Amino acid sequence: MSVNTEKSMLNGTRVAGLGMAQEPWLAPEGTMDIVLESLRQLIDYELAVILSFEGKDTLRVRTMKGPLATRRLADFSISLLERRDLALLLAAGEPRLLSTERGFVDTYAEILDLPEGHSCLAAPLTVEGTAIGLLTFDHRSCGVFSDQILRFIGVISRLIAVALAQSEASRNLRDRNRLLLEERNRLLARDAEAFGDLAGTSPVWVEALDAIKLVAATESPVLLLGETGTGKEEAARAIHKLSARAAGPFVAVNCSALPASLAESELFGHEKGSFTGAQALRKGRFELAHGGTLFLDEIGDLPLEIQPKILRALQEGRFERVGGESPVSVDVRIVAATHVDLGAAVEAGTFREDLFYRVAVFPIRMPPLRERGQDSILIAELFAARLRSRPGWQDLAFSAEALDLIARRDWPGNVRELRNAVERAAILAKGGIIGAQELCAGDWAQGRAVTPPGLPVPGVCSDSRSFPEAPFRVPTLREAEREHIRTALARVRGRIYGPDGAAAALGLPPSTLQSRLKKLGLDPKDYRRE
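Please read all numbers here as calculations on a predicted model, not as lab measurements.

Asks: Tell me what's going on with the sheet that holds strand S6 (residues 58-65), and back it up with residues and numbers.
Replies: Sheets are built from strands that pair by backbone hydrogen bonding, the pairs being arranged parallel or antiparallel. Pairing is antiparallel across the open sheet formed by 6 strands, whose spatial order is S7-S6-S5-S10-S9-S8. In this open sheet, the two strands that pair with only one neighbour each are strand S7 (77-79) and strand S8 (96-97). Note: strand S9 (residues 119-127) against strand S10 (residues 130-139), 9 bridges, orientation antiparallel. Within S10, the residue paired with Thr126 across the bridge is Ala131. Lying over the sheet, helix H2 (residues 84-92) contacts strand S5 (47-53), S6, S7, S8, S9 and S10, oriented at roughly 120° with respect to S10.

Asks: A description of the environment of Arg333 should follow, citing residues and the corresponding values.
Replies: Among the structural elements, Arg333 can be located in strand S16 (residues 333-338). Note on Arg333: relative accessible area 2%, which makes it buried. Between the C-alpha atom of Arg333 and that of Pro221, which follows or precedes it by 112 residues, the distance is 6.5 Å. Apart from the residues lying within four places of it in its own chain, the contact partners of Arg333 are Val215, Ala216, Thr218, Glu219, Ser220, Val222, Ile239, Ser243, Arg245, Gly292, Thr293 and Leu294. In terms of polar contacts, Arg333 uses its side chain to reach the backbone carbonyl oxygen of Ala216, at 3.0 Å.

Asks: Which residues make up the packing of helix H15 (residues 477-491) against helix H17 (residues 510-520), and what values do they have?
Replies: H17 packs onto H15 with a crossing angle of 120° between their chain directions and a minimal axis gap of 11 Å. Between H15 and H17, the crossing angle belongs to the class labelled oblique. The way H15 lies across H17 gives a crossing that is left-handed. Residue-level contacts link Arg478, Glu481, Arg482, Ile485 and Leu489 of H15 to Leu513, Arg516, Leu517, Lys519 and Leu520 of H17. When the residues that make up the contact of H15 with H17 are grouped by side-chain class, the tally is 5 nonpolar, no polar and 5 charged.

Asks: Help me get a handle on the nonpolar core, residues and values and all.
Replies: By size, the foremost hydrophobic cluster in this structure holds 32 residues, and its most contacted members are Leu267, Phe286, Leu294, Ile299 and Ile310. Where this core is concerned, the elements lending two or more residues are strand S12 (250-254), helix H6 (260-268), strand S13 (293-297), helix H8 (307-316), S16, helix H9 (342-348) and helix H10 (353-359). Each residue touching Phe286, except ones within four places of it in the same chain, is listed here: Leu267, Phe268, Leu294, Ile310, Ala313, Leu314, Phe319, Val330, Val332 and Ile334.

Asks: Which residues make up the pairing of strand S11 (residues 222-225), and what values do they have?
Replies: As defined by bridge partners, S11 adjoins S16 across 4 bridges and the pair is classed as parallel. Looking at the pairing, Leu224 lines up with Ala337 of S16. With 4 bridges joining them, S11 and strand S17 (residues 362-365) adopt parallel strand pairing. Bridge assignment links Val222 to a residue of S17, and that residue is Phe362.

Conventions we followed
Residues numbered from 1 in each chain as written. Predicted model: local features only at pLDDT ≥ 70, side-chain atom pairs only at ≥ 80, totals over all residues. Heavy atoms only, no water. Pairing = 2+ DSSP bridges. Helix = DSSP H or I, 4+ residues; strand = E, 2+ residues; numbered from the N terminus. Contact = heavy atoms within 4.5 Å. Axes fitted to C-alpha atoms, helices over the stretch in contact; angles between N-to-C directions. Buried < 20%, exposed > 50% of the residue type's maximum accessible area, 1.4 Å probe, protein only. Polar contact = N/O pair within 3.5 Å; in protein donor to acceptor, adjacent residues only side chain to side chain. Parallel < 35°, antiparallel > 145°, perpendicular 65-115°, else oblique. Left-handed = near helix turned anticlockwise from the far one by under 90°. Nonpolar A, V, L, I, M, F, W, Y, C, P; charged D, E, K, R; others polar. Core = buried A, V, L, I, M, F, W, Y, C linked by side-chain atoms within 4.5 Å.

The following block contains the structure:
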């Protein structure tokens, strides 16, 4: 396994704005993973380890493979000042079969309890006579490594050293490019192309944009918080455009639209024949986002049963397709968004705590329009400017009353509601002057149909100085579903299974109903009466 499992093996990107392209490359750990896995076809080892220099006199484990590989070796280091035997081996530059009978100390004695006389082989990794690391092989049986294998390792170790040195040089070049990219992002103007859909000058909005610019140049996961319609997906796209992954794909997934039965296949793909109807191999969203950004919108609605696999994919950068046996490695940056309180979801047991901490490395709050002052006027003008490109709408404009209404209103649906209101008003104004009357027509937030201009508009828009509460409220789908299930549970006295149970009454498999009950915070015991 790779020591740093959170870094992916493959990462092909183009550095935006620097005028230079990078070909797809293998990170040093990924390169060595492939080499050691290939050598296992030729050499019967139980533990293969590559160590590289950290400073002048210290070797640190970089990559390991084999049945004996353990996480305890991940940060293991060797001081050559204390291990003169290994220092002499590196100076000689030739591989050797190690034996405790000849004065060699077991290399990993502090971590592994290997039997006396086990097989051990060590080969210096040298480039032009300079040692850059050490390659070791171990097997619990004795006499596994022959002189012929020793000579073979002597040749292949030189090629491994060259590959490691070249990959390290590539990493250093990418690090320098990353620093340049971070500097470029710090110098970006607020009206940069990436923020074309994120107009606004209010202090709370500028604070959010500054946070986006700050985190964009990193590889850290981002969690966007805010009400529906506050521009979370546009913010995710801005983070992608300002990152080193700008040339890669941006893949958006609406988690609330993923049914539990198809979520795994949708996210991770499936192999041919893995289930009925799987007539060909299909890549999931994680694979499609390789080298780019995966946007998990409404992550709080992820089915609970798929969350462990997502956590593993985020931690290790690898997963298995549905019906697959071989792991698939991907390099994906995660940007997630939610309008619900994930902390409360964790407490309710509908969202895993470990997944929460994994995605919430850098949270950014997207403020609602009611907190952004005059930004609503700027946004409305942005929408109107786009509509002016339509034939016959080049004279589209707002009246003073309409602008006053836009600035005063709370816009509970935020930017999405404002955009719909402007487009609807432009249609009613026939591409001319939008007044308060046209802007209020079809006030869907208040449950009203479109009122043609010229007729009185009752309620919220009849007086631009006050905006009373809505006369009635339509329950959300979640609320309606919860009430429907509560009614069914009450009628069957909390019974789930059987022909007279709630699952049969609702037309759902019992397992699906159990999942919905947990997500909605319902307990069948509350409906069982004597």
